[in-house]
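Close look at the chain arrangement
Here are the chains, one letter per residue:
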Amino acid sequence: MADEVLFDFLHMEMVSHVYKEQKSSKGESDSKERAVCVSILEGMGFRVGQGLIERMTKDSPSFKDELDMMKFICKDFWTQVFRKQIDNLRTNHQGTYVLQDNKFALLTQLSNGKQYLEEAPKYLAYSCGLVRGALSNLGLESVVTAEVSLMPSCKFQVVIQKL
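These numbers were taken from a predicted model, which means no experiment stands behind them.

Notes on the sheet that holds strand S1 (residues 88-91)
The four strands lie next to each other as S1-S2-S4-S3, forming an open sheet whose pairing is antiparallel. Either end of the sheet is taken by a strand with one partner, and the two such strands are S1 and strand S3 (142-147). Averaged over all neighbouring strand pairs, the angle between strand axes comes to 15 degrees, with direction disregarded. One ladder, built from six bridges, connects strand S2 (residues 96-101) with strand S4 (residues 154-160); its direction is antiparallel. Bridge assignment links Thr-96 to a residue of S4, and that residue is Val-159. Helix H3 (residues 66-82) contacts S1, S2 and S4 of the sheet and is inclined by roughly 15 degrees relative to S2. Against the sheet, helix H5 (residues 120-137) contacts S3 and S4, and its axis sits at roughly 155 degrees relative to S3.

Put into structure tokens, the structure is as follows:
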């Protein structure tokens, strides 16, 4: 329980720090600066995701296919990071996966409903990076985006890049 709260506080402070640093260097924030902040947070998450998945899979057998990798992300990886599994995994069997978390841990502290909906993307960038970094270390290059229509529910869309 205590470690969950510490992670929540650390995440909130990371987001706050990145946005404050960007704002203080320019004076005021606009959409370009927000994009830079999201990119910085996503990069942080990418590196952490790489390290976590490396540690989690070092003694496990290799995966059969990308669906097995996504199931691992939804069950084991998500549980390790957020203390619960993904609520729903959908795929079109052509490289697109939708991961739905109905009570996403990093959004539950913000609000229930639509009150802070416009603030949600900055709190999702790190998590998108976590997933992208984990998949990268498993050998899948991907694009991960997040969408929030009603807090604290969140959908992550993962599009695997075919090489």
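Observations regarding the environment of Val-48
By the secondary structure assignment, Val-48 is in helix H2 (residues 31-57). For the pair Val-48 and Tyr-126, spaced 78 residues apart in the sequence, the C-alpha separation amounts to 9.3 Å.

With respect to the state of the cysteines
In total, this model carries zero disulfides according to the counting rule given. Here Cys-37 stays free of any disulfide, with the sulfur of Cys-128 as its closest cysteine sulfur at 15 Å. Cysteine Cys-128 is unpaired, with the sulfur of Cys-154 as its nearest cysteine sulfur at 7.1 Å.

Calculation rules
- Numbers given to residues run from 1 along each chain, matching the order in which its sequence is written.
- Residues qualify for local features only when their pLDDT is at least 70, as the model is predicted, and side-chain atom pairs are given and counted only at 80 or more; totals for whole chains, interfaces and linings, by contrast, use all residues.
- Calculation of side-chain values draws on the structure's entire complement of heavy atoms; hydrogens and water are dropped beforehand.
- Two strands pair if DSSP finds at least two bridges between them.
- Under the DSSP-based scheme used, a helix requires at least four consecutive residues in state H or I and a strand at least two consecutive residues in state E, with every element numbered from the N terminus.
- Axis definition: a line fitted to C-alpha atoms, limited for helices to the stretch in contact. Angles are taken between N-to-C directions and run from 0 to 180 degrees.
- A contact between two residues is defined here by any heavy atoms of the two lying within 4.5 Å.
- Here, two cysteine sulfur atoms that lie within 2.5 Å of each other are counted as a disulfide.

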